[in-house]
Amino acid sequence: MTISEKEASAETIRDKKSGLWYRPDMGELFVINEQNQYKTLEFEDRTVMDVGAHIGCFTDLAIKCGAKHIWAYEPTKESFELLEKNTKNRKEWVTLHNSALIGGEDDTVDFYLSKKYPTCHTHMPVRGREKVTVDAMNFWDRVDLHQPEILKVDVEGGEYDFIFQQEVPDFVEQIAIELHLGKKGYKDLGIKTAKLFGDWHYHTSFRFSWHITTLILHRNKKGKGIVKERIEELEL
């Protein structure tokens, strides 16, 4: 059985607390519960772009917190079907795209599937993984099209494919980006990414001593401190 077939046949149940449908054997309850890390984002009456939407946990949070509209991108068929199920009664607030976002201009991209967790699939090459082809769009083209006030990115290392290509436009007021640090060279890329937002305010503490770290940033609203000062504190 392929990984895609395993995901397609996996049992789905509904989380009583969030109301979200998920696959218990795929580690997705953990993802639902970790949405608390985004509580310092201010969604009320703002537009949101959810890159790496998975089954819709962040999109669901944005809706519940009063977001004006969310554009959600999820490339894999199986997770996208759950994303659709979890947002089917919220179509006036959500536009879904069954696509990866990449730094290039190709309309498809190879996607490398984790053997255990759908949240770990990535378009960055990983040796030994099952590979499928998914639809793709250019990340910056979609940012320019939607002009989101809040930008969330969680794409398992794929952030390094596009984040250095240009500056984040002024219309983006808040950013949540998960930086992946575990592969060779990724820690340096993560630190380099954080430095792009040196003058932004961070609202949750971050460090670079684990395999991931998440930046929750506001362009203007004060939080725990300024990113560049935190980087200096970490002696990076």
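Residues numbered from 1 in each chain as written. Predicted model: local features only at pLDDT ≥ 70, side-chain atom pairs only at ≥ 80, totals over all residues. Heavy atoms only, no water.

Q: Sorry if this is basic, but what is going on with unusual backbone geometry here?
A: Trans is the prevailing form of peptide bonds, just as negative phi is the prevailing case for residues other than glycine. Within the chain, His 54 stands out as a residue other than glycine whose phi angle is a positive 55 degrees. Within the secondary structure, His 54 sits in the loop between strand E3 (47–51) and helix H3 (57–64). A positive phi angle is found at Glu 235, which is not glycine, with a value near 60 degrees. As for its placement among the helices and strands, Glu 235 is situated in the segment after helix H7 (227–233). The exposure class assigned to Glu 235 is exposed, which follows from its relative accessible area of 72%. (Helix = DSSP H or I, 4+ residues; strand = E, 2+ residues; numbered from the N terminus. Buried < 20%, exposed > 50% of the residue type's maximum accessible area, 1.4 Å probe, protein only.)

Q: Can you help me understand the packing of aromatic side chains in this one?
A: Each aromatic ring pair is described using two quantities: the centre-to-centre distance and the angle formed by the ring planes. On inspection of all chains with the given rule, the structure shows 9 aromatic pairs. Judged by centre distance (4.9 Å) and plane angle (80 degrees), the rings of Tyr 38 and Phe 58 are edge-to-face. With a gap of 20 residues between them, Tyr 38 in the loop between helix H2 (28–33) and E3 and Phe 58 in helix H3 connect regions that are remote in the sequence. Residue Tyr 38 shares its accessibility class with Phe 58, and that shared class is buried. Judged by centre distance (5.5 Å) and plane angle (85 degrees), the rings of Phe 197 and Trp 200 are edge-to-face. Overall, the relative accessible area of 2% leaves Phe 197 in the buried class. Judged by its relative accessible area of 7%, Trp 200 is buried. Every member of this aromatic cluster is reached through a ring pair, and the members are Tyr 38, Phe 43 and Phe 58. (Phe/Tyr/Trp six-rings, centres within 6.5 Å; stacked < 30°, edge-to-face > 60°.)

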